[in-house]
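# Examining the three-dimensional arrangement
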Amino acid sequence: RLISHFRTLVVGLIADPDLPIGELPLLTEAERRQLLVEFNETETDFPRDKCVPELFEEQVQRTPDAVAVVCGEESLSYGELNARANRLAHQLIELGVGPERLVGVCLERSIEMVVALVATLKAGGAYLPLDPDHPPARLAQMLADGAPTIVLTTVSGCCRLPADTRRLLLDAEPQDTARSPGVDRNPRDEDRTSPLCVLHPAYVIYTSGSTGTPKGVVALHQGVVRLVREPNYADLNPATRMLLSAPLSFDAATFEVWGPLLNGGQLVVAPPGLRTTEELGRLIEAQRLNTVWLTSALFNLMVDLSLPALAGVRQLLSGGDVLSTGHVGRFLQEAEKCQLINGYGPTECTTFAACYRVPREADCTVSIPIGRPINATQLYVLDGGLEPVPVGVPGELYIAGAGLARGYLNRGGLTAERFVADPHAAHPGGRMYRTGDLARWRADGNLEFLGRADQQVKLRGFRIEPGEVEAVLVQDPGVKQAVVVLREDQPGDKRLAAYIVVEPGQVAFSITGLRDRLQQKLPDYMVPSAFVVLDALPLNPNGKVDRKALPVPAVDVAERGDTSVVPSTPVEELLAGIWANVLGLERLGVHDNFFDLGGHSLLAIKLIARLREAFAVDVPVRTLFDAPTVSQLAAALAAYRAEPAISDLPPLAPVLREGPRPLSFAQQRLWFLEQLEGNLTAYNMSYALRLEGRLDVEVLRRSLQEVVQRHEPLRT
């Protein structure tokens, strides 16, 4: 291939010696066609001329009595869901909702939330997710920019909104149907403020913005239909039973909601609030779910803690970040009947742009590809001149096709910068989205994700612009300069870290106070887990911040409260040990805050699983948020103690350890695999260490003996 490229280059140079080097051809016509056309042959017969409500209503006609949505003990058939959505839709139309108008949805996951989404689209409007868990200041920012006609919420949710917000309380105000005869029928274009078409907005989702202000992505009906009808990456049909567990403000919810509802399947809504992996597993098993989407971080936790619960799942889609090859390998070995699908796509392309159906024989020693473009989507890997690069060569990934969003709400300049003309489109007027992601084609036509071309990061499935967090930090009167980076100092544990320079003379400045102020302005996932105070930010020779020189965050004892308060009861002592292990700390005090020490939602789920093992109790994840210190959680555990109570259990005491010890279950498994396959090295961990100076063999021998004496598994 290299020789062929060089030959093409030389021929082009001879043909036009005056052509700039950067414009000389490198690809043969056959290669160019392969990259631009053959890898992008993704046309399907999806109904590109129909909007979401029309397709939903067609499904209602086919299966009016089939169950459409389930949440706990409550369920609605397609006919019942349609009737309730129609009544609300007519009311929204009377309130002025129609095409190009937004409806805020500030609701917890529930059947009522699903009704609100369907009704909004039936009225012709676009829904604007407003997460009730977000800080009021952030919600106010989104409301000011989005200017929705009305906000659908509840009595409890309205307290999160500005006082002057125009709202409709779905749990307090009966829907006024007296003024609207025939409200049970489907709204028509004559009812709406103007006719609805596929290029009208379906929803607006706000994502992190590098300038310090979130930006609203305007997704279209066409993109939603292309995502879930006749997909080439997954099987969606009337037998689909799909879980809705993502926040509505996360675009994975688009796939989870409309995937089943536009294909006659069943949508199972997970109750609101964080769930442990065991609770999630029980829900998956109890509802016999066969299609599940998990962020890559939650996928890892499920594989580690609750893998058997996924045995009945037939399609598991994961993404939002790079998949862990180790967890993928274990999943493929043990979940034999489930198809794992690696999904890739920014919000600007309506959830997915590429997917990879991971084969059972996948090589899990290398990165998992993000796959091929999904239906009606084109993917280009281009150089700085927007020309395709050869197979195997890194370039920036651009996305074109029917899934593209219209752009950013009220941000014409940014829209023009990121959504550019497509020079490779089959028809004039095509656009493509500049992702900022680096990728390369593999010879088999699958794409490999290589990272970011800028500072944008992904954390637990959420896209974060560090610049937005930095902008909020420097607004604080105590902060002079700030840099925010994503660190992974322990494999699989990604965290945001903030490095700050404090304004001179700030005697009363504290990290605790700064963190509290950030939590009033940013969603939890955007608040850094670690804060490092520096005298000055390190700079490279060009005068820019040298991010590679930023130190590894260390827990500041001065900011951790009274670490001298050691555990005073057996429960506190056991809790402190579990916390330290989960957080990767050597020690902590009973008044240290779990989240101030770097804890986050996924570590909270892991901690709750450890508590279940240690105390034989089922503790809701919410408990940790309400009781975030060792002393508080120890007191809260009393309400969840299993029988017999912890205080009645006999104290832990060492048992005799004489003679050979039996193998642990994990060691038995490894022994069996060794007998089965022979020369097994998959579980070996190899390190090369260079020792300098004189080696004291006797000290080394005694040291190894101490290690063996300390760790019982080495003596089995």
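Computed from a predicted structure; not experimentally measured.

Together, M685, Y687, L689, L691, L695, V697, L700 and L704 line one region of the surface with nonpolar side chains, adding up to about 1,000 Å² of accessible area. Structurally, L695 can be placed in the loop between α19 (665-677) and α20 (697-710).

A few words now on the packing of helix α9 (residues 277-286) against helix α10 (residues 296-305). Interhelical geometry of α9 versus α10 gives an angle of 85° and a closest axis separation of 10 Å. Compared by their axis directions, α9 and α10 come out roughly perpendicular. Where α9 approaches α10, its residues T277, L280, G281 and I284 are matched on the opposing element by L298, L301, M302 and L305. Taken together, the residues of the contact of α9 with α10 sort by class into six nonpolar, two polar and no charged.

This part covers the domain arrangement of the protein. Domain assignment breaks the protein into domain 1 (1-33), domain 2 (52-438), domain 3 (467-549) and domain 4 (570-642). For domain 2 and domain 4, the distance between their C-alpha centroids amounts to 33 Å. Roughly 910 Å² of surface becomes buried between domain 2 and domain 4 when both sides are summed, with 75% attributable to carbon and sulfur atoms. The interface formed by domain 2 and domain 4 holds one salt bridge in total. Connecting domain 2 to domain 4 are one residue pair in polar contact (both at pLDDT 80 or more). Counting residues per element, the side of domain 2 that touches domain 4 draws most heavily on α10, at four residues. Classifying every residue of the side of domain 2 that touches domain 4 by side-chain character gives five nonpolar, two polar and three charged.

Our focus in this paragraph is α20. Between its first and last C-alpha atoms α20 spans 20 Å; for 14 residues at 1.5 Å apiece the expected length is 20 Å, and the two agree. For α20, the N-terminal cap is D696; the gap from its side-chain oxygen to the backbone nitrogen of E698 is 3.2 Å.

The next thing to look at is the packing of helix α7 (residues 221-228) against helix α8 (residues 252-261). Contact pair α7 / α8: the axes reach a minimum separation of 9 Å and the direction vectors enclose 70°. The orientation of α7 relative to α8 falls into the category roughly perpendicular. Between α7 and α8, the contacting residues are V224, L227 and V228 on the first element and T254, F255, W258 and G259 on the second.

Read from one edge to the other, the open sheet built from three strands follows the order β24-β25-β26, with strand pairing classed as mixed. The open sheet terminates on both sides in strands that have one partner only, identified here as β24 (479-490) and β26 (530-533). Neighbouring strand axes in the sheet, compared pairwise and without regard to direction, differ in orientation by 25° on average. In this sheet, strand β25 (residues 493-502) lies alongside β24 in antiparallel orientation, the contact comprising nine bridges. Bridging from a neighbouring strand, V484 pairs with A498 of β25.

Reading the values: rules and limits
Residues numbered from 1 in each chain as written. Predicted model: local features only at pLDDT ≥ 70, side-chain atom pairs only at ≥ 80, totals over all residues. Heavy atoms only, no water. Patch = residues over 30% accessible without salt bridge, like charges linked within 9 Å, V, L, I, M, F, W, Y side chains within 5 Å. Areas by Shrake-Rupley, 256 points an atom, 1.4 Å probe, with all protein chains shown as cover. Salt bridge = Lys/Arg side-chain N within 4 Å of Asp/Glu carboxyl O. Helix = DSSP H or I, 4+ residues; strand = E, 2+ residues; numbered from the N terminus. Axes fitted to C-alpha atoms, helices over the stretch in contact; angles between N-to-C directions. Parallel < 35°, antiparallel > 145°, perpendicular 65-115°, else oblique. Contact = heavy atoms within 4.5 Å. Nonpolar A, V, L, I, M, F, W, Y, C, P; charged D, E, K, R; others polar. Domains from an automatic or database assignment. Buried area = accessible area lost by both parts, 1.4 Å probe. Polar contact = N/O pair within 3.5 Å; in protein donor to acceptor, adjacent residues only side chain to side chain. Expected span 1.5 Å × (residues − 1). Pairing = 2+ DSSP bridges.

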